[in-house]
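# Architecture at a glance
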Amino acid sequence: MGRSLGIDIGSRFIKAVLLEGEELIDIQQVETSFDPLDRCKRLLEETAADRVVATGYGRHLLEVHTDIKTITEIKAFAKGARAMFPLCRTIIDVGGQDIKVISLDEGGKVRKFEMNDKCAAGTGKFVEIMARVLGYSIGDFGLVPLKTGPELQISSMCTVFAESEVISLIARGAEREDIALALHRSVTNRVLSMARRVPIEEDVVFAGGCARNGLLRKLLEAGIGKNVSVAERPEITGALGAALYQITG
Amino acid sequence: MNGKDYTKMWEGLGLNIENHAGLLGVLTNAYKDIYLSQNNRPAAMEYFDFVISEVHGLRIEEIIAAKEAGRKVVGTFCVYVPEEIVLAADGLCIGLCAGAEVGSEEAEKFIPRNTCALIKAFMGFKLSGLCPYVETTDLIVGETTCDGKKKAYESFNEITKKVYVMEIPHMKTDEDKKLWLSEVKRFKDRIEGLSGKKLTVDALKKGASVANEKRKALQRLSRLRAADPAPISGLDALLVNQVSFYDDPLRFTSMTHKLCDELSDRASKGTGVADKGAPRILISGSPMAIPNWKLHAIIEGSGAVVVGEESCIGERNHRDLVDESFSSVDDAMEKISSRYLGIDCACFTPNTERLDNIKALVERLGADGVIHYSLQFCTPYMMESYKVEKAVTEVPFMRIETDYSMEDFGQLKTRVEAFIEMIQ
């Protein structure tokens, strides 16, 4: 069967999954940086795969410079999520620069999808910037407890305006944890407004790097009213799907 | 360009020569990248390539010559302006520049930032001295289709001093029909005043016939696109529709038929621009004014083919003919006004006939998917896209909101490619 490599060139990270047959033998993740082509070429050399499929925002970079086949991240996420959760019908991905909600039919084929228009509101980049503003590491940001009681509101979804809102909340003496919770709620609301436009059926899978954020997951579960599954390595969903595409089509 | 230097002519029109050269440079490059790189283009597209290369040259020279011969030039932004009345007075009816991101900063001195790209562009083109057509006009006709245009025409009139506005009703009751008929008559009077010609039945018949023949040629093009494989790319067909708004109508009609002869030959031989079975997309929504080729370029660059435009630059412009069997000027006004009130613009409420027309088009063109295209801030079409989504049940549907800028090119490409993957 040989080795299949799937590369997901995202706006923040490049993720690569190497399969021997259908067995996962290696995972790599590097920052996309200012020269993603160079990073990809190094990955290609190191893995010496027989077949390569690229996906993600930067996929065409590889298509232009090599004869590597590409598929969209929508299709790649559908394949990858299905491999991790065979009964998956709905995928939510909060990516670096876009949010995706994908609905699959029973056979795993993409039935409908929603993606945000040109705006970084509520994306992974937004989460990252807001964590930084509040002095959290990205790993700790999702550990903020889900409290009940009076809530702070972040009304602006625009990254730039939300940042100034956060700064004025800090200036008013609001608790850091409360602001963090409010930011997570605002991202969740953004995702939910898109999720409402596709049928949300179980199993619902939260994929992509932001799925590591436990608070987002809990808020999504509460918002959807359904259980939301997260894989052990949610960030490789797209790369895995691309690698599998070679094998299963 | 045919190498001729038009600088003197452009200076005479008061264009900003330096910026204009920049604009033509960008346009030439975009045309090369998007159009001339296509495979298997019909040979008859050569004429349209030539027209584009002379879009601000030879055609403007022709218009200026016509003016010198005493003919009047009427600029428009909408398919509701009754072209046959302008033609009856031996006038030239020209769709004005509104399809590129030009002069936004200048435009934003008059209109808010969150105005649709088309409105911003017509203000921007004029304010930055980049549209030779607007400078040749004797009259610019506006209309009360959407709020954005309606209010922008007030500013446009301050700037140009030659805007005339037609009141388009927003419903289609008997009272609205009366209003529109009186607006068509008022327009005829205005054109008579402008041209100094009293419009006779014969003149109106001639005008109606020229306009109808042009529409028939475009209808024929639309019908030929139903063939699989598609005999012409969506980009090329869009271009022909865009050119129909400013070319000489008689010449345009004959060149479009020539193109259609070739396409008809292709269809009978089963040859085309894409493989048989390539995904076929119907575009529905806001108009794509020249040189707005963004969405078509993305779709056709992703392996699908656009088979129709349910749009003002497309079906809405040519679907209905005017009944030429009138016997008096009043009768002509009745027939012309009723032809125009049949147009299914999203500014009307209700506008259910548009949904029926879209469904019929999907069927007639054998479309595998519908992409609803709205210009950002184009509220009427954005609103209706939700109804279209519900009405299109037979094939997949996707809604896109965008403008003329290229910053969302990557995101749009991902969405379009995923949509095509879904269809395949």
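An account of the accompanying structure is given in this report.

Parameters and conventions
- Residues numbered from 1 in each chain as written.
- Chains lettered and ligands numbered in written order.
- Predicted model: local features only at pLDDT ≥ 70, side-chain atom pairs only at ≥ 80, totals over all residues.
- Heavy atoms only, no water.
- Contact = heavy atoms within 4.5 Å.
- Buried area = accessible area lost by both parts, 1.4 Å probe.
- Salt bridge = Lys/Arg side-chain N within 4 Å of Asp/Glu carboxyl O.
- Polar contact = N/O pair within 3.5 Å; in protein donor to acceptor, adjacent residues only side chain to side chain.
- Helix = DSSP H or I, 4+ residues; strand = E, 2+ residues; numbered from the N terminus.
- Nonpolar A, V, L, I, M, F, W, Y, C, P; charged D, E, K, R; others polar.
- Buried < 20%, exposed > 50% of the residue type's maximum accessible area, 1.4 Å probe, protein only.
- Expected span 1.5 Å × (residues − 1).
- Pairing = 2+ DSSP bridges.
- Right-handed = clockwise from strand over helix to strand, strands pointing away.

Turning our eyes to something else, we now look at the interface of chain B and chain A. Across the boundary between the two partners, chain B contributes 20 residues, which contact 21 residues of chain A. Between chain B and chain A, the buried area comes to about 1,700 Å², and carbon and sulfur atoms account for 51% of it. Taken together, the connections running from chain B to chain A amount to 2 salt bridges. The salt bridge involving Lys112 of chain A is made with Glu389 of chain B; its shortest N-O contact spans 3.0 Å. Along the contact surface separating chain B from chain A lie 7 residue pairs in polar contact (both at pLDDT 80 or more). When contributions to the side of chain B that touches chain A are tallied by element, the ones reaching two or more residues are strand E8 (397–402) and helix H19 (409–423) of chain B. Of the residues forming the side of chain B that touches chain A, the biggest block, 10 residues, is contributed by H19 of chain B. Partitioning the side of chain B that touches chain A into residue classes produces 4 nonpolar, 6 polar and 10 charged.

Its place among the elements puts Met130 of chain A in helix H4 (residues 124–133). Not counting residues within four places of it along the chain, the set of residues in contact with Met130 of chain A comprises Phe141, Thr159, Ala162, Glu163, Val166 and Leu183 of chain A.

Across the junction of Ile290 of chain B and Pro291 of chain B, the peptide omega takes the value 0 degrees, indicating a cis bond. Going from Thr349 of chain B to Pro350 of chain B, the amide bond is cis rather than trans, its omega being -15 degrees. Secondary-structure assignment places Pro350 of chain B in the loop between helix H16 (329–341) and helix H17 (352–365). Positive phi values are uncommon outside glycine, yet Ser33 of chain A reaches one of about 60 degrees. Inspection of the secondary structure puts Ser33 of chain A in the loop between strand E3 (23–31) and helix H1 (36–47). Its relative accessible area of 32% is what places Ser33 of chain A among the partly exposed residues. The phi torsion at Phe377 of chain B lies on the positive side, around 75 degrees, for a residue other than glycine. Inspection of the secondary structure puts Phe377 of chain B in the loop between strand E7 (369–375) and helix H18 (379–391). Overall, the relative accessible area of 40% leaves Phe377 of chain B in the partly exposed class.

Another point: helix H13 (residues 249–269) of chain B. All names here are of chain B. Compared with the 30 Å implied by 1.5 Å per residue over 21 residues, the 30 Å span of H13 between its first and last C-alpha is a close match. Inspection of H13 places Pro249, Phe252, Thr253, Met255, Thr256, Leu259, Cys260, Leu263 and Arg266 among the buried residues, and these make up the whole buried set. On its buried face, H13 sits against helix H3 (45–53), helix H5 (83–88), helix H11 (201–224) and helix H12 (234–243). Where H13 terminates, the next one or two residues include Gly270, which has phi positive at roughly 75 degrees.

Residue and element names in this part refer to chain B. For E7, a buried count of 7 out of 7 residues is recorded, marking the element as mostly surrounded by other parts of the structure. Burial along E7 is two-sided: Gly369, Ile371, Tyr373 and Leu375 and Val370, His372 and Ser374, pointing in opposite directions, are all buried. In this structure, strand E5 (residues 280–285) lies alongside E7, joined through 5 bridges in parallel fashion. Among the inter-strand pairings, Leu282 is bridged to a residue of E7, identified as Val370. The pairing of E7 with E8 spans 6 bridges and is classified as parallel. If you follow His372 over to E8, its bridge partner there is Arg399. Taken together, E7, H18 and E8 constitute a β-α-β crossover, and its handedness is right-handed.

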